[in-house]
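Close look at the chain arrangement
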Amino acid sequence: MPWQVLAVSIPLLFVAYQALSKLLPSGTSAFLVNAYASALGAVIMLALYFLTSAQKTFTLDGRTLAIALGIGALISIGNAGIIQAYLWGAPQSSFTAIYYPLLVIYALVVSIIIWHEKLNWYQIAGILLALTGIVLIVYFRR
């Protein structure tokens, strides 16, 4: 399956999880729900690892383990930030319309600075459109 199909379809899973989160009873800790969701995610990822990998070991070398734990910490802190934004009353439509384009822009900046990747004119135009959209959302949200 081409990666472009996944790039277009996988965001639907995140929209679904955001929609499901609206069904949680009030007073339920979003942090506890995220902890349970992350635990299930760990089980699913381990199952996928065993189904797709020729290696069947749980061990990682020291450097790889440190990077993996760092990634886990960043994901958890990022999720906590998203949860906190919603707890502070951020509307999902406005928050995601700002968050996801910035995620793409930040990733592009990092890829240029650290990995020395090159952008084409379509990507530059996309960045400009995303920035324009973010500015308009923030401006008209006031």
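Thresholds, definitions, all that
- Within each chain, residue numbers correspond to sequence positions counted from 1 in written order.
- Since the coordinates come from a predicted model, pLDDT governs what is reported: local features require at least 70, and pairs of side-chain atoms require 80 or more to be given and counted, while whole-chain, interface and lining totals use all residues.
- As a convention, hydrogens and water are excluded, and side-chain values are obtained from all of the structure's heavy atoms.
- Secondary structure elements follow DSSP: runs of H or I no shorter than four residues count as helices, runs of E no shorter than two count as strands, and numbering proceeds from the N terminus.
- What a helix is expected to span follows from its residue count: subtract one and scale by 1.5 Å.
- Under this definition, polar contacts are N or O atom pairs within 3.5 Å; protein pairs additionally need one hydrogen-donor-capable and one acceptor-capable atom, and for neighbouring residues in sequence, both atoms have to be side-chain atoms.
- For the exposure calls, accessible area comes from a 1.4 Å probe over protein chains only, and a residue counts as buried if that area is under 20% of its type's maximum, exposed if over 50%, partly exposed in between.
- Throughout, a contact is declared for two residues whenever any of their heavy atoms are within 4.5 Å.
- The definitions used throughout rest on a 1 Å grid laid over the protein atoms alone, on which a cavity is an enclosed set of points accommodating a 1.4 Å probe that cannot get out and a pocket is an open set flanked by protein within 12 Å on both sides along at least five of seven lines; lining residues are those having an atom within 4 Å of a point.
- Grid points are joined across faces, edges and corners, and a volume is the space filled by probe spheres set on the points.
- Pairing of aromatic rings covers Phe, Tyr and Trp, the last through its six-membered ring, and needs centres within 6.5 Å; plane angles under 30 degrees mean stacked, over 60 mean edge-to-face, and all others mean tilted.
- Geometry is summarised by axes, namely lines fitted to C-alpha atoms with helices restricted to the contacting stretch, and by angles between N-to-C directions that run from 0 to 180 degrees.
- The labels follow the angle: roughly parallel below 35 degrees, roughly antiparallel above 145, roughly perpendicular from 65 to 115, and oblique for the rest.
- By definition, any crossing whose near helix is turned counterclockwise from its far helix by less than a right angle is left-handed, and any crossing with a clockwise turn is right-handed.
- For this classification, Asp, Glu, Lys and Arg are treated as charged, while Ala, Val, Leu, Ile, Met, Phe, Trp, Tyr, Cys and Pro are nonpolar and the rest, including Gly, are polar.

**Remarks on helix α3 (residues 30-52)**
In a regular helix each residue adds 1.5 Å, so 23 residues correspond to 33 Å; α3 covers 32 Å between its end C-alpha atoms and thus fits that length. The residue sitting at the N-terminus of α3 and contributing the capping side-chain oxygen is Ser 29; that oxygen lies 3.3 Å from the backbone nitrogen of Phe 31.

**Let's talk about the side chain of Ser 111**
Along the chain, Ser 111 turns up in helix α5 (residues 92-113). A residue is classified by how much of its surface remains accessible, and Ser 111, at 8% relative accessible area, is buried. Non-local contacts of Ser 111, meaning those with residues more than four positions away in its chain, are made with His 116 and Glu 117.

**With respect to the layout of surface pockets**
For the largest pocket, the calculated volume is near 2100 Å³. Lining of the largest pocket is provided by 45 residues; of these, Phe 14, Tyr 17, Asn 34, Ala 37 and Asn 79 occupy positions nearest its centre. If one sorts the elements of the lining of the largest pocket by residue count, α3 sits on top with twelve residues.

**Comments concerning the packing of aromatic side chains**
Under the definition given, this model contains seven aromatic pairs. For the pair Phe 95 and Tyr 99, a centre-to-centre distance of 5.5 Å together with 15° between the ring planes defines the contact as stacked. One end of the pair is Phe 95 and the other is Tyr 99, both in helix α5 and four residues apart, which spans about a single turn. By relative accessible area, which is 29% here, Tyr 99 ends up partly exposed. Three or more aromatic residues link up through ring pairs in this structure, and these residues are Tyr 86, Phe 95, Tyr 99 and Tyr 100.

**Regarding the packing of helix α2 (residues 11-21) against α5**
At their nearest, the axes of α2 and α5 sit 12 Å apart, and the two run at 150° to each other. The orientation of α2 with respect to α5, classified from their angle, is roughly antiparallel. Taken as a pair, α2 and α5 cross one another with a handedness that is right-handed. When α2 is examined against α5, the residues Phe 14, Gln 18 and Ser 21 are found in contact with a partner set consisting of Gln 92, Thr 96 and Tyr 100. Residues belonging to the contact of α2 with α5 are distributed by class as follows: two nonpolar, four polar and no charged.

**Some thoughts on the environment of Ala 39**
Mapping Ala 39 onto the fold places it in helix α3. Residue classification places Ala 39 among the partly exposed residues on the basis of a relative accessible area of 42%. Between the C-alpha atoms of Ala 39 and Pro 25, which are 14 residues apart in sequence, the distance is 20 Å.

**Quick word on the packing of α3 against helix α4 (residues 62-87)**
Where α3 contacts α4, the axes come no closer than 10 Å and their chain directions differ by 145°. By crossing handedness, the relation of α3 to α4 is classed as right-handed. For the pair α3 and α4, contact is made by Ala 30, Phe 31 and Asn 34 and by Asn 79, Ala 80, Ile 83, Gln 84 and Leu 87, respectively. Broken down by class, the residue content of the contact of α3 with α4 amounts to five nonpolar, three polar and no charged.

**Comments concerning the side chain of Ser 94**
As for its placement among the helices and strands, Ser 94 is situated in helix α5. On the basis of relative accessible area, Ser 94 is assigned to the buried category, the value being 11%.

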